[in-house]
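The chain contents come next:
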Amino acid sequence: MAEKEMKFEEALAALENSVSELRKDNVSLEDSIRIFEEGTKLYEKCESILNNLKQKIEVFEKE
């Protein structure tokens, strides 16, 4: 699934999976870097979704 189409729950689950993969003992340096980069993008996606929701909530609170 493309990153832009991911819902928060999907991005968070994928991020948790990345963390689990990085904790394994047999992960090569190259794979670790790739997983870390993917995890960083997933973290940013989660943060973006949460920030957008926070802004929507703030709008509703002002009404």
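These notes cover the structure that comes with them. Within any chain, residue numbers begin from 1 and follow the written order of that chain's sequence. Two thresholds apply to this predicted model, a pLDDT of at least 70 for residue-level local features and 80 or more for giving and counting side-chain atom pairs, whereas whole-chain, interface and lining totals are computed over all residues. Excluding hydrogens and water, the side-chain values take into account all heavy atoms of the structure.

Here we take up the overall build of the chain. A tally of helices and strands in the chain yields 2 helices and 0 strands. With C-alpha atoms as the basis for the radius of gyration, the globule rule is written as 2.2 Å multiplied by the number of residues raised to the power 0.38. Its C-alpha radius of gyration of 15 Å places the chain more than 25% over the 11 Å reference for a compact globule of 63 residues. Expressed along its principal axes, the backbone C-alpha trace of the chain runs to roughly 55 × 20 × 15 Å. Exposure categories follow from relative accessible area, calculated using a 1.4 Å probe and restricted to protein chains: below 20% of the type maximum is buried, above 50% is exposed, and the middle band is partly exposed. Taking all 63 residues of the chain together, the buried fraction comes to 17%. For the chain, the exposed area adds up to about 5,400 Å²; of that, 53% sits on carbon and sulfur atoms. A residue counts as positive if it is Lys or Arg and as negative if it is Asp or Glu; His and the chain ends are not included. Charge positions are represented by NZ for Lys, CZ for Arg, CG for Asp and CD for Glu. Positive and negative charge centroids in the chain, built from 10 and 16 side chains respectively, lie 4 Å apart. The helix and strand labels rest on DSSP assignments: H or I over at least four residues marks a helix, E over at least two residues marks a strand, and numbering proceeds from the N terminus. All accessibility values rest on the Shrake-Rupley procedure with a 1.4 Å probe; residue burial counts only the protein chains present in the view.

This next bit is on the environment of Phe 36. Among the structural elements, Phe 36 can be located in helix H2 (residues 29-62). When the C-alpha atoms of Phe 36 and Glu 21 are compared, they prove to be 9.6 Å apart, with 15 residues separating the residues in sequence.

Our next topic: the environment of Glu 10. Tracing the backbone shows Glu 10 in helix H1 (residues 8-22). Separated by 32 residues in the primary sequence, Glu 10 and Leu 42 have C-alpha atoms spaced 9.5 Å apart.

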